[in-house]
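Each chain is listed here by its residues.
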Amino acid sequence: MPSNNHLRRFACWVDLRIRECYIHVLSLGVVRGLIAWFRIRVLKQQFEIFIDVSGLQSPIALRAGSSDLEVYKKIFINREYDLPFELQPKTILDLGANTGLASLFFHIQFPAAQIVAVEPDPANYALLQRQLAGLPGVTLIQAAVWKNDGEINLVDPGIGAWGMQVNERAEDHGNQGAVPAISMPSLLKHFVTGQIDLLKVDIEGAEKEVFESSEAWIHKVGAIVIELHDCYKVGCSRVFYNSINSLPNEKWVGENIFVWK
């Protein structure tokens, strides 16, 4: 007889597969979603999924079997980046741009806005370039935002391209090598106005160091949407909230926190 532990593990595995299949069906439709899920889980194929999105001339590309489809669902189906307040941003900074889906969402919503998208991981950045290159008003930067300019180590903690982290120390496990590091004051120079109307932050714990040194620039930001990662680095939330006295309004949407003036 199988033990209770084995039964629980099997139940968890089944639940995960069902959830995974549901995301594919929800995002791609029943037939296309089931076929994609079968190719990934049963045939173990590597391929790209293309989804047409209203407002974009080219389809969005997603890497099958990666976290890309989950990110797509959060942004384009659950619409977790819909602003819960009135704002027509002219300048948007996307930190932790991944493959560019958030920047694409903002570009559709605010086509006249200047967008700067920052992503350190080479594989993510290559797809980011494909998705965003040539869009008017969009600037791409391959770097990790940090408390200062220079270099920083890119580390895979074991969850792949979705959760790449940066560390000043060269880790024994998961180290992907050094990447350029760029500070917020340097990023502000990319905006003609020197202001950021909307700052999106999803940088896997590096928000602690970025907001620890925010005195020189936080007053130049009108609104922030951020995912905090205290599970990776203790103190992220405390540092963030201590730095945003100029942004008194707050609302949670999914895993994200919106704060604004």
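Above this text sits the structure in question.
Just so you know, the residues in each chain are numbered from 1, in the order the chain's sequence is written. Local features in this predicted model are restricted to residues of pLDDT 70 or higher, and side-chain atom pairs are both shown and tallied only at a pLDDT of 80 or more, whereas totals for entire chains, interfaces and linings draw on every residue. Heavy atoms from the whole structure form the basis of all side-chain values; hydrogens and water molecules are not counted.

**Some words on the overall build of the protein chain**
The condition that has to hold: Strands are runs of DSSP state E lasting at least two residues, helices are runs of H or I lasting at least four, and both sets are numbered from the N terminus onward. Throughout, radius of gyration means the C-alpha value; the globule benchmark is 2.2 Å times the number of residues raised to the power 0.38. Here's how the labels work: a residue is buried when its accessible area is under 20% of the maximum for its type, exposed when over 50%, partly exposed in between, all with a 1.4 Å probe on protein chains only. Note on contacts: a residue pair is in contact if any heavy atoms of the two residues lie within 4.5 Å. Accessible surface area values rest on a Shrake-Rupley calculation with a 1.4 Å probe, where residue burial reflects the displayed protein chains alone. When charges are tallied, Lys and Arg are placed among the positive residues and Asp and Glu among the negative ones, while His and the ends of the chain are skipped. Where a charge lies is defined by one atom per residue type, namely NZ (Lys), CZ (Arg), CG (Asp) and CD (Glu).
When you go through the protein chain residue by residue, the secondary structure sums to 8 helices and 13 strands. Taking 261 residues into account, the globule formula puts the C-alpha radius of gyration at 18 Å, and the protein chain, at 19 Å, falls close to it. Oriented by its inertia axes, the alpha-carbon framework of the protein chain measures out at about 60 × 45 × 35 Å. Relative to its 261 residues, the protein chain shows a buried fraction of 49%. When contacts within the protein chain are restricted to residue pairs at least 6 apart in sequence, long-range pairs at least 24 apart make up 59% of them. Counting every atom, the protein chain has about 13,200 Å² of accessible surface; 54% of that belongs to carbon and sulfur. In the protein chain, the 24 positive side-chain charges and the 29 negative ones have mean positions that sit 4 Å from each other.

**Topic: unusual backbone geometry**
Backbone phi values are negative for most residues with the exception of glycine, while trans is the configuration of most peptide bonds. Notably, Asn98 is not glycine yet its phi reads approximately 55 degrees, a positive angle. With respect to the helices and strands, the residue Asn98 is situated in the loop between strand E3 (91–95) and helix H4 (101–109). Even without a glycine there, the phi angle at Glu204 is positive, about 55 degrees. Residue Glu204 is classed as buried on the basis of its relative accessible area of 9%.

**What to know about the pairing of strand E10 (residues 198–201)**
Counted only if it meets this: Here a strand pair is declared whenever DSSP counts at least two bridges between the two strands. When the strands point away from the viewer, a crossover counts as right-handed if the path from the first strand over the helix to the second runs clockwise.
Burial along E10 is two-sided: Leu198 and Lys200 and Leu199 and Val201, pointing in opposite directions, are all buried. Sheet topology places E3 next to E10; 4 bridges connect them, and they run parallel. Of the residues in E10, the one forming a bridge with Leu93 is Leu199. The pairing of E10 with strand E11 (residues 223–226) spans 3 bridges and is parallel. Its bridge partner being in E11, Val201 is matched across the sheet by Ile226. With helix H7 (residues 207–212) bridging E10 and the parallel E11, this β-α-β connection has right-handed handedness.

**Description of the sheet that holds E11**
Formally: Throughout, an axis means a line fitted to C-alpha atoms (over the contacting stretch in the case of helices), and angles, computed between N-to-C directions, take values from 0 to 180 degrees.
One open sheet holds the 7 strands; their spatial order is E5-E4-E3-E10-E11-E13-E12, and the pairing between them is mixed. The outermost strands of the open sheet, each flanked by one partner alone, are strand E5 (138–141) and strand E12 (249–253). The mean angle between the axes of side-by-side strands here comes to 15 degrees, regardless of whether they run parallel or antiparallel. Packing of H4 onto the sheet brings it into contact with E3, strand E4 (114–118), E5 and E10, and relative to E4 it is tilted by some 175 degrees.

**Here's the deal with the environment of Phe191**
In this fold, Phe191 is placed in the loop between helix H6 (184–188) and E10. Between the alpha carbons of Phe191 and Val116 there is a distance of 8.4 Å; along the sequence they are 75 residues apart. For Phe191, the contacting residues outside a window of four places in its chain are Thr91, Ile92, Leu93, Gln114, Val116 and Ile196.

**Here we look at the sheet that holds strand E9 (residues 175–182)**
Ordered by their spatial adjacency, 4 strands build an open sheet running E6-E9-E7-E8, and the pairing between neighbours is mixed. The two strands at the open ends of the sheet, each matched to only one other strand, are strand E6 (144–145) and strand E8 (165–167). Pairing of strand E7 (residues 150–155) with E9 involves 6 bridges; the strand directions are antiparallel. Among the inter-strand pairings, Ile152 is bridged to a residue of E9, identified as Val179.

**Examining the pairing of E5**
The sheet contact formed by E4 and E5 spans 4 bridges and is parallel. Following the sheet pairing, Ile115 is matched in E5 by Val138. Note that the unit made of E4, helix H5 (residues 122–132) and E5 has a crossover that is right-handed.

**Details of the packing of helix H3 (residues 68–77) against H4**
Which entries qualify depends on this criterion: When an angle is under 35 degrees it counts as roughly parallel; over 145 it counts as roughly antiparallel; between 65 and 115 it counts as roughly perpendicular; any other value is oblique. Left-handed is the label given to a crossing in which the near helix is rotated counterclockwise from the far helix by less than a right angle, and right-handed is the label when the rotation is clockwise. Residue classes follow a fixed rule: Ala, Val, Leu, Ile, Met, Phe, Trp, Tyr, Cys and Pro count as nonpolar, while Asp, Glu, Lys and Arg count as charged, and any other residue, Gly among them, counts as polar.
Orientation of H3 relative to H4, taken along the N-to-C sense of each, is 25 degrees, at an axis distance of 10 Å. As judged from the angle between their axes, H3 and H4 are roughly parallel. You can see that H3 and H4 cross each other, and the crossing is right-handed. Contacts from Asp68, Val71, Tyr72, Ile75 and Phe76 of H3 reach H4 at Leu101, Ala102, Leu104, Phe105 and Ile108. Tallied by class, residues from the contact of H3 with H4 come to 9 nonpolar, no polar and 1 charged.

**Here's the deal with the nonpolar core**
Which entries qualify depends on this criterion: As used here, the term nonpolar core means buried Ala, Val, Leu, Ile, Met, Phe, Trp, Tyr and Cys residues forming a set that is joined through side-chain atoms within 4.5 Å.
Formed by 40 residues in total, the largest nonpolar core has its most connected members in Ile60, Tyr72, Phe76, Leu101 and Phe106. If sequence neighbours within four positions are ignored, Ile60 has contacts with Ile49, Phe50, Ile51, Val53, Tyr72, Phe76, Leu101, Leu104 and Gln131. With 39 residues, the next largest nonpolar core counts Val116, Ala143, Ala144 and Met184 among its residues.

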